[in-house]
Number of protein chains: 2
Amino acid sequence: MLPFARVTIVGLGLIGSSVARAVMQAMPTVRVTGYDADAGVRETADRLQICHDVADSAGAAVIDADLVILCVPVGAMGAVAAEFAADLPADAIVSDVGSCKAEVARALSAALPGATVIPAHPVAGTERSGPEAGFATLFKHRWCIVTPPEGADAAAVERVSEFWRRLGAEVETMAPEHHDRVLAVTSHLPHLIAYTIVGTASDLEEVTQSEVIKYSAGGFRDFTRIAASDPTMWRDVFLTNREAVLEMLQRFSEDLSHLQRAIRWGDGDALFDLFTRTRAVRRSIVEQGQDDDAPDFGRTHE
Amino acid sequence: MLPFARVTIVGLGLIGSSVARAVMQAMPTVRVTGYDADAGVRETADRLQICHDVADSAGAAVIDADLVILCVPVGAMGAVAAEFAADLPADAIVSDVGSCKAEVARALSAALPGATVIPAHPVAGTERSGPEAGFATLFKHRWCIVTPPEGADAAAVERVSEFWRRLGAEVETMAPEHHDRVLAVTSHLPHLIAYTIVGTASDLEEVTQSEVIKYSAGGFRDFTRIAASDPTMWRDVFLTNREAVLEMLQRFSEDLSHLQRAIRWGDGDALFDLFTRTRAVRRSIVEQGQDDDAPDFGRTHE
């Protein structure tokens, strides 16, 4: 039994267009409708045949859906939901793919009183944006975290979970507040730090921008990938998950000061111990299939 | 005309064994001798036929070389050079692959009075270590920075440069002090930050290690790759290039505080502006062939 028959995707960027493609591939009998506030994106989605229909308004898009998934920046969730609130079928389930769950749950419940809202977050993506960047296999072997509100209907939670499993994801359930703290460290803090160091390197006077780019293979280029992620999406993430991000950032800064002191005082053992410990973390990530085993991310060397 | 006829490589880890393999492939008539202080590494190098000969001592390895390349951690350069100083032919050129140039140049000149020392740094590597991790194409399309001492013999500099070009690298010449500042930002600071954040994430109490690993695809896993690099090599880099690293770290910390303040005060425009600027840096790196164009580093999604 398919968990849903008529799925509407609101927001057709990297994630939304990947969800659409994945549904078309994994559940070909499901009717997929898409909508995006940007007319150019709607045209592209139509041309690429990412879904069966591209609607001209959010209301028209949801009118006969049994699942609506919001794939817009987390700061826009409430406003977009309000746009289609009047047209939402009473038995439809509303979900989303946002990177912060507590605040999004609040925004969606406020905009859609009485609706069944089951937020979720597929932990997957690339540094690209837009409908052309999406692909059907993006969620394969990645985790999708479902964060049902307290007292949520168990059958609705199961249908959303099954939906993600059909797209190839593994599903975990979590309280929204815990999700926000976990992702603050595994996703938000890394992005913040990558954005910062790329900015720092661009602002130097004596080392030129061109030198930074030429010699980036020494490690810097690894950071530029995630620092090329969508600016609007990430601005919203930091503003929305502020408390958890600030706390993780505080811990990171303390640890960095500790290392700075070890370098200043020539404490080689402290450095060596940490560098040995971090190596083991990488090993676990590869062993658990959360990254490729190939050295250098499998980059080509020809 | 080949720049050298008999090349000796001292230190047969990732880089040394890659140099050996690359020479065997690119200049098959050149005699390649290897040496490593670790008997197990010597055995592996012998078994894998990474070079023509594996010598039993540093002195025996260099005795008829016209180029000796030191591929050991930067903190070990002086001691290793002292080991073979008495056996070094008068007309041999000594070079190295170390990540810090000013301090290594001083150590090599002190250990080898009167020798022709032309330090160099191929900006290439992976997170793997040891003789089995090396491969012949590691230096293709990467930069090699040659840092001749003041008054160095131009012909010797050209021979070392030509050697690296034959291995597929592009060569740039630079003063050692400038090299150390450039690499502090493009390589040393990124490694330091990656090591720190992986350490921070491992030390959390409420977010478990297993959660950090499971949800690492949100960005964290990108950092774990370079935080899996060789601990001895990197301890030495930070202790050796201390002043430049501490200065770049200071700038980074200031920029991070600035961003922290923007998050605390909800200054979305400051975040958005930086995130847009950093995207352009990535674009330049890809355009200049210093990283693959494929999204997500070309990781597989199947």
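Residues numbered from 1 in each chain as written. Chains lettered and ligands numbered in written order. Predicted model: local features only at pLDDT ≥ 70, side-chain atom pairs only at ≥ 80, totals over all residues. Heavy atoms only, no water.

1. Notes on the side chain of T200(A)
Move 1: Relative to the helices and strands, T200(A) is located in helix α7 (residues 176–202).
Move 2: Judged by its relative accessible area of 3%, T200(A) falls in the buried class.
Move 3: Within the structure, T200(A) has its side chain in polar contact with the side chain of D255(B) (distance 2.7 Å).
Move 4: Each residue touching T200(A), except ones within four places of it in the same chain, is listed here: R251(B), F252(B) and D255(B). (Helix = DSSP H or I, 4+ residues; strand = E, 2+ residues; numbered from the N terminus. Buried < 20%, exposed > 50% of the residue type's maximum accessible area, 1.4 Å probe, protein only. Polar contact = N/O pair within 3.5 Å; in protein donor to acceptor, adjacent residues only side chain to side chain. Contact = heavy atoms within 4.5 Å.)

2. Points about the relation of the copies chain B and chain A
Move 1: Overlay of chain B on chain A (RMSD 0.0 Å): rotation 180°, translation along the axis 0.0 Å. Look at the turn and shift together and you get a two-fold axis relating the two.
Move 2: In this assembly, 100% of the residues forming the interface of chain B have copies in chain A that are likewise at the interface, indicating an isologous arrangement. (Least-squares fit on C-alpha atoms with pLDDT ≥ 70 in both.)

3. What to know about the interface of chain B and chain A
Move 1: Contact residues are listed per partner, giving 112 residues for chain B and 112 residues for chain A.
Move 2: Summing both partners gives a buried area of about 10,700 Å² for chain B against chain A, and 63% of it is carried by carbon and sulfur.
Move 3: Remark: the boundary between chain B and chain A carries 42 residue pairs in polar contact (both at pLDDT 80 or more).
Move 4: Going through the elements one at a time, β8 (143–146), α7 (176–202), α8 (209–214), α9 (220–226), α10 (231–240), α11 (242–264) and α12 (268–287) of chain B are the ones with two or more residues in the side of chain B that touches chain A.
Move 5: It is α7(B) that contributes the most residues to the side of chain B that touches chain A, 20 residues altogether.
Move 6: Here the side of chain B that touches chain A is composed, by residue class, of 49 nonpolar, 32 polar and 31 charged. (Buried area = accessible area lost by both parts, 1.4 Å probe. Nonpolar A, V, L, I, M, F, W, Y, C, P; charged D, E, K, R; others polar.)

4. Considering the pattern of salt bridges
Move 1: This structure, assessed with the given rule, holds 50 salt bridges over all chains.
Move 2: Note that R165(A) is salt-bridged to E162(A), the shortest N-O span being 3.3 Å. Of this pair, R165(A) and E162(A) both sit in helix α6 (residues 154–166), 3 residues apart, which is roughly one turn of the helix.
Move 3: R277(B) serves as the salt-bridge partner of D203(A), at 3.1 Å between the closest nitrogen and oxygen. A residue pair is termed interchain when its members come from two chains, as with D203(A) in the loop between α7 and α8 (209–214) and R277(B) in helix α12.
Move 4: Sharing partners across several salt bridges, the network here consists of E127(A), R225(A), R282(A), D291(A), R221(B), D222(B), D296(B) and R299(B). (Salt bridge = Lys/Arg side-chain N within 4 Å of Asp/Glu carboxyl O.)

5. Brief notes about the domain arrangement of chain A
Residues and elements named next belong to chain A.
Move 1: Taken domain by domain, chain A comprises domain 1 (6–174) and domain 2 (178–266).
Move 2: Contacts between domain 1 and domain 2 engage 17 residues on the former and 16 residues on the latter.
Move 3: Here domain 1 packs against domain 2, burying approximately 1,300 Å² in sum over the two surfaces, 67% of which is carbon and sulfur.
Move 4: If you sort the residues of domain 1 by the area they bury against domain 2, S99, E127 and M174 come out on top, with a joint share of 38%.
Move 5: At the surface where domain 1 touches domain 2, the tally comes to 7 residue pairs in polar contact (both at pLDDT 80 or more).
Move 6: The class makeup of the residues in the side of domain 1 that touches domain 2 is 8 nonpolar, 6 polar and 3 charged. (Domains from an automatic or database assignment.)

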